[in-house]
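Inside the fold
The chain contents come next:
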Amino acid sequence: MLIRKAADLTYAEVTPKAVYLNRRKFLQAMGVAGAAAVAGRRLIELAVPGRSALAATKFSDLVKSPFSTSEKQNSFQDVTHYNNFYEFGTDKSDPAKNAQKFDTSNWVVSVEGDVAKPRKFTMDEILKIAPLEERIYRHRCVEAWSIVVPWIGFSFGNLVKLVEPAPKAQFVAFQSYYDPRQMPKGRWAGIEFPYVEGLRMDEAMNPLTLLCLGMYGESLPNQDGAPVRLVIPWKYGFKSIKSLVKIKFQSKMPPTTWNLAAPNEYGFYSNVNPNVDHPRWSQAKERRLGEIFKRNTLMFNGYGDQVAGMYSGMDLKKYY
Ligand SMILES: Nc1nc2c(c(=O)[nH]1)N[C@H]1C(S)=C(S)[C@@H](COP(=O)(O)O)O[C@H]1N2
Ligand SMILES: [Mo]
């Protein structure tokens, strides 16, 4: 990848003129106060092809999270070149190649449904909701590989409180961006788009549920779900929906993409559970990317202390 150390470069040096002008407009539009609030996070542009000016942000004032694991992190190279993002193709190497030109500028996330204050959030509004934390989480894919990633974001509950859900809002439905012109490979992925996911309200409010804006100190690369995604570390990776555009609070359990595609294989809850096999393979073990020997998969991916209480009394074989 074409990166000189960001600190060695001036902004104008690495940014095409048109983007540079847009960015100045963006900062002007936010006003001095707005610009300063975001700039508590020093904005540094990186020379990464295919990333918009806004997306290429380096975050500098990150709060350390007590939820972080001290396990060895996977490399940025691993985490950005072994992806599931079916809108950009089904091979693990496809998203890194095919999401380069994904345009995430002018991104808006609509929050709606059973809430007192429905509204749309721009990315600069989302950035100001809460202090940004670095959270080093284990991430366990249903395909029995795992990674350890220093994500950046804040607990999703911070956003939920702003829109004031009604008591009848028992679930949250999430929807990804989908544009067949920008994501032509999606046509051959074998699942329906837009990608949709859901959480029960208590799961959404659990402090571990991360509204994620970046990783490895920077804003999210396109292939990892730019500009904003969820990361739900005690559930299989497919629950961690990428490139979010819609969040809807509702009384009914929402449909989810993989449950629609194969209901006998993927349930709504999809909590990491080494004792409940996938119909076509065991979930007892996993391979950490970069390692040779498999390791045992942990119940709730090792986050049982924080989440097991939400499922007490539930038959986790039935509610897989
Ligand atoms: N919109 C969307 N979100 C998605 C997916 C996808 O195909 N489309 N794949 C999921 C799966 S199966 C996994 S394992 C994680 C992978 O995240 P990563 O590529 O950042 O590691 O994203 C999840 N979110
Ligand atoms: Mo996955």
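None of these values were measured; they are calculated from a predicted model. (Residues numbered from 1 in each chain as written. Chains lettered and ligands numbered in written order. Predicted model: local features only at pLDDT ≥ 70, side-chain atom pairs only at ≥ 80, totals over all residues. Heavy atoms only, no water.)

Counting its regular elements, the protein contains 9 helices and 13 strands. Put simply, the protein has 320 residues, and 54% of those count as buried. Within the protein, contacts between residues at least 6 apart in sequence are counted, and of these 72% link residues at least 24 apart. With the model as given, the accessible surface of the protein reaches about 14800 Å², and the carbon-plus-sulfur share is 55%. (Helix = DSSP H or I, 4+ residues; strand = E, 2+ residues; numbered from the N terminus. Buried < 20%, exposed > 50% of the residue type's maximum accessible area, 1.4 Å probe, protein only. Contact = heavy atoms within 4.5 Å. Areas by Shrake-Rupley, 256 points an atom, 1.4 Å probe, with all protein chains shown as cover.)

Across all of its chains, the model carries 18 salt bridges by this definition. Of the charged contacts in the structure, one is a salt bridge between Arg119 and Glu125, with a shortest N-O distance of 3.4 Å. Among the residues examined, Arg119 registers a relative accessible area of 34% and is labelled partly exposed. Owing to a relative accessible area of 31%, Glu125 belongs among the partly exposed residues under this scheme. Among the charged side chains, a salt-bridge network with shared partners connects Glu71, Arg138, Arg140, Glu286, Arg288, Glu291 and Arg295. (Salt bridge = Lys/Arg side-chain N within 4 Å of Asp/Glu carboxyl O.)

Attention now moves to the site of ligand 1. Residues in contact with ligand 1 amount to 18 residues; listed here are only the nearest, Asn83, Tyr86, Asp224, Arg229 and Lys242. Burial of ligand 1 by the protein amounts to 98% of the accessible area it has alone, namely 540 Å². Partitioned by chemical class, the residues of the shell around ligand 1 number 8 nonpolar, 6 polar and 4 charged. (Near = heavy atom within 4 Å. Nonpolar A, V, L, I, M, F, W, Y, C, P; charged D, E, K, R; others polar.)

So, about the side chain of Asp124. Take Asp124: it is sitting in helix H5 (residues 123-127). A polar side-chain atom of Asp124 sits 2.9 Å from a polar atom in the side chain of Thr122. (Polar contact = N/O pair within 3.5 Å; in protein donor to acceptor, adjacent residues only side chain to side chain.)

Look at the link from Phe193 to Pro194: it is a cis peptide, with omega at 0°. Looking at where Pro194 falls in the secondary structure, it is placed in the loop between strand S6 (171-176) and strand S7 (196-200). Note that the residue after Ala226, namely Pro227, is joined by a cis bond; omega there is -5°. One non-glycine residue, Glu164, adopts positive backbone phi at about 55°. As for its position among the elements, Glu164 is in the loop between helix H6 (157-163) and S6. Notably, Ser270 is not glycine yet its phi reads approximately 50°, a positive angle. Its relative accessible area of 4% is what places Ser270 among the buried residues.

A few words on the pairing of strand S3 (residues 119-122). Here strand S2 (residues 108-113) pairs with S3 via 4 bridges, running antiparallel. Bridge assignment links Val109 to a residue of S3, and that residue is Phe121. In this structure, the hairpin formed by S2 and S3 is closed by a connection of 5 residues. (Pairing = 2+ DSSP bridges.)

Our focus in this paragraph is the confidence of the model for the protein. For the protein, per-residue confidence averages 87 on the pLDDT scale, and 82% of positions sit at 70 or higher. In the model, residues 1-55 has pLDDT below 50 throughout and makes 78 contacts with residues more than four positions away in sequence or in other chains. (pLDDT = per-residue confidence, 0-100.)

Moving on to the nonpolar core. Counting residues in each nonpolar core, the largest one holds 76 residues, and the members touching the most others are Phe156, Ile247 and Phe249. No other element matches the 6 residues that strand S5 (residues 145-155) contributes to this core. Dropping the residues within four chain positions of it, Phe156 is found in contact with Val172, Phe174, Ala204, Thr209, Leu210, Leu211, Leu230 and Ile247. (Core = buried A, V, L, I, M, F, W, Y, C linked by side-chain atoms within 4.5 Å.)

Before going further, it helps to spend a moment on the pairing of strand S12 (residues 285-288). A regular strand places its side chains so that they alternate between the two faces of the sheet. Burial along S12 is one-sided: the face carrying Glu286 and Arg288 is buried and the face carrying Lys285 and Arg287 is not. Across 2 bridges, S5 lies against S12 in parallel orientation. Along S12, the bridge assignment pairs Ser146 with Arg288. With 2 bridges connecting them, S12 and strand S13 (residues 295-296) associate as antiparallel partners. Each residue of the ladder has a partner; that of Glu286, found in S13, is Arg295. The hairpin turn running from S12 into S13, its antiparallel successor, is 6 residues long, and Gly290 in that turn takes a positive phi close to 90°.

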